[in-house]
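As a plain string of letters, each chain reads:
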Amino acid sequence: PPSKPHLHRAQPSYQGLEFSTMDVYAVQGTSDDAAVSKLCAAERGYIDDEFLQHFVIKKAKRSPLINRGYYARVAAFEIAVKDFLTNKQKPKVLPVPEGKDGTSKSEEPSSSKPESVKDGFHGEPDCQIVCLGAGFDTTYFKMKKAGFTNFRYIEVDMADIVKRKSKIIRATPKLMDYIFPDSKNTQSQEVEEGEEVHSSSYHLVPCDLRDTNALDVAMTKCKADFSKPTLFISECVLVYMEAKFSTPVIKWACDKCKKGGGYGRFLCYEQIRPDDPFGVTMVKHLKGRGCALLGLESYPTLESQIKRYFDSGWTFAEAHDMNTVYAKILDRKDVSRIERLELFDEFEEWKLFGGHYAFMVGSYVPSHSKETGDATGNDEDTLETSH
């Protein structure tokens, strides 16, 4: 096995962090696992991502069940992110496909034109995305390729992950071209041996999410502007932290939007339902790998997750397991396409997996703006009221 990289564990970043039982190295390893699995899904034709290959050292084959699971996960995130970038302050929570054929009618850029990306960043961003625990996420590059331009993308993760990702980005001209489309502006801030990356539209910074004070510092460094619409993304991250650390992150995000006066949304993907036989096995398996789901006991159900967001200050919240997302939110034509890619006979296990992973969405609507939605937490575009 590869040798473990040096871990920055000498001192906790703030008083109280020493009481965390999270295995930092094991959790960081999930970033590699996810990248490998997503790359396999991409090479099998499930998802379109030409950037993942730069972040994976050793490829591995995954089962049709895992490929389909990562397809659903990636597709749902892309729907939500594109919807946010397109509709800004009036996005649907997770757009529900409309029409008899079940295909989405929401507009997207008509084509992926590299030349549109080469035009660079025009003026100040009109919205921003903050990816918490980004790992080797490639959303920034995919959105740029798709033609979206005026947005700021901020990635935050542990120092070791950030340093590895930064090194890969700096060594890959294709990635650098998307971050620094103007060849004259390739000078980023060199911080701590170059582990940070900063451009007019992209920021990559180290931060321990368990320390919200450090998050404040990171946002200032990245010139985050919370007077503008902000989407927070957390993909299988918070569940590895004790609730006493993860819930403050959700509240911190809402508070940033409240103080800034801008629309906010928090999109989270993680495990649920640990108490049935499948859930018990899932929890035991991940704990055996050193990746204990430390926050799952506190928020085990969809209902408890929804309450968590309301209690943290969000004016609207909803949650759906992946069976619902797969059946009612993903583009039906694309689902039919991927279901023909490989022989698949794991239907019972597929339903079990889908019932134990979920998307949670919290939205903050500034009280002074009636046009952005209903601040009481009722929204006409939710999944429940769309049918």
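Bear in mind the structure is a predicted one, so any value in this text is a computation, not a measurement.

Procedures and definitions
- Within each chain, residue numbers correspond to sequence positions counted from 1 in written order.
- Selection of residues for local features in this predicted model requires a pLDDT of at least 70, selection of side-chain atom pairs for listing and counting requires 80 or more, and totals for whole chains, interfaces and linings are taken over all residues.
- With hydrogens and water set aside, each side-chain value is computed from the structure's full complement of heavy atoms.
- Each residue is assigned to one of three classes by its accessible area relative to the maximum for its type, calculated with a 1.4 Å probe on protein chains only: buried under 20%, partly exposed between the two thresholds, exposed over 50%.
- Helix and strand definitions follow DSSP, with helices as H or I runs of at least four residues and strands as E runs of at least two, each counted in order from the N terminus.
- Along the arc lie the directions from the helix axis toward the C-beta atoms.
- Contact criterion: two residues are considered in contact whenever any of their non-hydrogen atoms come within 4.5 Å of each other.
- Note on ring pairs: Phe, Tyr and Trp rings are taken, using the six-membered ring of Trp, and paired if centres are within 6.5 Å. Classes follow the plane angle, with under 30 degrees stacked, over 60 edge-to-face and the rest tilted.
- Think of a nonpolar core as a cluster: buried Ala, Val, Leu, Ile, Met, Phe, Trp, Tyr and Cys residues, connected wherever their side-chain atoms sit within 4.5 Å.
- Values of pLDDT, the confidence the predictor places in each residue, fall between 0 and 100.

Q: Teacher, can you tell me more about helix H7 (residues 212-221) here?
A: Residues that lie three or four places apart on an α-helix share one face, since the helix turns once every 3.6 residues. Buried residues of H7: Leu215, Ala218 and Met219, and no others. Projected onto a plane normal to the axis of H7, the buried residues spread over an arc of 100 degrees and lie on a single side. Turned more than 90 degrees away from the buried face of H7, the exposed residues are Asn213, Val217 and Thr220. Close packing links the buried residues of H7 with strand S1 (128-132), strand S2 (152-157), strand S4 (202-206) and helix H8 (243-260).

Q: What is the right way to look at the packing of aromatic side chains in this model?
A: In this description, a pair of aromatic rings is defined by centroid distance and the angle of the planes. Scanning the entire structure with this criterion turns up 23 aromatic pairs. Judged by centre distance (4.9 Å) and plane angle (65 degrees), the rings of Phe77 and Phe359 are edge-to-face. Of this pair, Phe77 sits in helix H2 (residues 64-87) while Phe359 sits in strand S8 (residues 357-364); the two residues are 282 residues apart in sequence, bridging distant segments of the chain. Since its relative accessible area comes to 0%, Phe359 is described here as buried. Seen in terms of ring centroids, Tyr269 and Phe359 are 5.1 Å apart; in terms of plane orientation they differ by 55 degrees. Their pairing is tilted. Here Tyr269 is found in strand S6 (residues 264-271), whereas its partner Phe359 is found in strand S8, with 90 residues between them in sequence.

Q: Mind showing me how you'd approach the nonpolar core here?
A: One broad rule of soluble globular proteins: the nonpolar side chains tend to lie buried together. Residues Phe232 and Phe266 are the most contacted members of the largest nonpolar core, which totals 110 residues. Residue contributions to this core peak at 11 residues, all from H2. Ignoring anything within four residues of it in the chain, the contact list for Phe232 reads Val130, Leu132, Phe226, Trp252, Ala253, Cys257, Arg265, Phe266, Leu267 and Trp314.

Q: When you look at the confidence of the model for the protein in this model, what are you seeing that I'm missing?
A: In regions of low pLDDT, the predicted coordinates are not meant to be interpreted in detail. Confidence in the prediction for the protein averages 83 pLDDT; 77% of positions are at 70 or higher. In this model, residues 95-122 is a region of pLDDT below 50 whose contacts with residues beyond four sequence positions or in other chains number 50 contacts. Long-range and interchain partners of residues 368-387, a stretch whose pLDDT sits below 50, account for 32 contacts in this model, where long-range means more than four residues apart.

Q: Help me out: how do you make sense of unusual backbone geometry in this one?
A: Most peptide bonds take the trans configuration, and most residues that are not glycine carry a negative phi. A positive phi angle, near 60 degrees, is found at Lys223, a position not held by glycine. Here Lys223 shows up in the loop between H7 and strand S5 (230-235). Overall, the relative accessible area of 59% leaves Lys223 in the exposed class. Backbone geometry at Cys236 places phi at a positive 50 degrees, although glycine is not the residue there. Here Cys236 shows up in the loop between S5 and H8. Cys236 sits in the buried class, given a relative accessible area of 11%.

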